[in-house]
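Each chain is listed here by its residues.
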Amino acid sequence: MQSITINIDNDQLADKVTWFLEHLQSEGLEIVSKEDLDDLKLLKATRSEESIPFDDYMRHAD
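Residues numbered from 1 in each chain as written. Predicted model: local features only at pLDDT ≥ 70, side-chain atom pairs only at ≥ 80, totals over all residues. Heavy atoms only, no water.

**Details of the layout of surface pockets**
One water molecule sets the probe size; rolling that probe over the atoms shows where empty space is left. For the record, the criterion: Detection works on a 1 Å grid of protein atoms alone, calling trapped sets that fit a 1.4 Å probe cavities and calling open sets with protein on both sides within 12 Å along at least five of seven lines pockets, with lining residues defined by an atom within 4 Å of a point. Grid points are joined across faces, edges and corners, and a volume is the space filled by probe spheres set on the points. Helix and strand assignments come from DSSP, with helices taken as H or I runs of at least 4 residues and strands as E runs of at least 2, each series counted from the N terminus. Three classes are used: nonpolar for Ala, Val, Leu, Ile, Met, Phe, Trp, Tyr, Cys and Pro, charged for Asp, Glu, Lys and Arg, and polar for all others, with Gly counted as polar.
Size it by volume and the largest pocket reaches roughly 940 Å³. Along its surface, the largest pocket is lined by 22 residues, and I4, T5, E30, I31 and V32 are the ones closest to its centre. Within the residue set of the lining of the largest pocket, elements represented by two or more residues are α1 (11-22) and α2 (34-45). By residue class, the composition of the lining of the largest pocket is 12 nonpolar, 7 polar and 3 charged.

Shown next, in the form of structure tokens:
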């Protein structure tokens, strides 16, 4: 999979580009905002962390 980042300062042009790209989704194009991508990377980094049951967490919340 190839990734492309597009930076657009003009809101009208951004709307046009987004409109065009949305029409390519049926051909397999995936549109992900940079903010969403950053969040997904942070979430993925936590997958290897140890977790505790929620009840245990609440018992020690104070």
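**Focus: the environment of H60**
Worth spelling out the cut-off: In this scheme, a residue with accessible area under 20% of its type's maximum is buried, one over 50% is exposed, and one in between is partly exposed, where area comes from a 1.4 Å probe on protein chains only.
Structurally, H60 can be placed in the segment after α3 (54-59). Taking relative accessible area as the criterion, H60 reaches 63% and is therefore assigned exposed.

**Overview of the confidence of the model for the protein**
Put simply, the rule is: Each residue carries a pLDDT value, the predictor's own confidence for that position, ranging from 0 to 100.
Confidence in the prediction of the protein, expressed as mean pLDDT, is 85, and 98% of residues score 70 or more. The secondary-structure element of the protein with the lowest mean pLDDT is α2, recorded at 79, while α1 shows the highest, at 95.

**Here's the deal with a nonpolar patch on the surface**
Counted only if it meets this: What goes into a patch is any residue over 30% in relative accessible area without a salt bridge, connected to like charges within 9 Å or, for nonpolar side chains (Val, Leu, Ile, Met, Phe, Trp, Tyr), within 5 Å. Here the Shrake-Rupley method, with its probe set to 1.4 Å, supplies the accessible areas, and only the displayed protein chains count as covering residues. Each salt bridge in this description consists of a side-chain nitrogen of Lys or Arg and a carboxyl oxygen of Asp or Glu lying within 4 Å of one another.
A cluster of nonpolar side chains, contributed by V32, L37, L40 and L43, occupies part of the molecular surface with about 360 Å² of accessible area. The residue L43 is located in helix α2 in this model. Judged by its relative accessible area of 53%, L43 is exposed.

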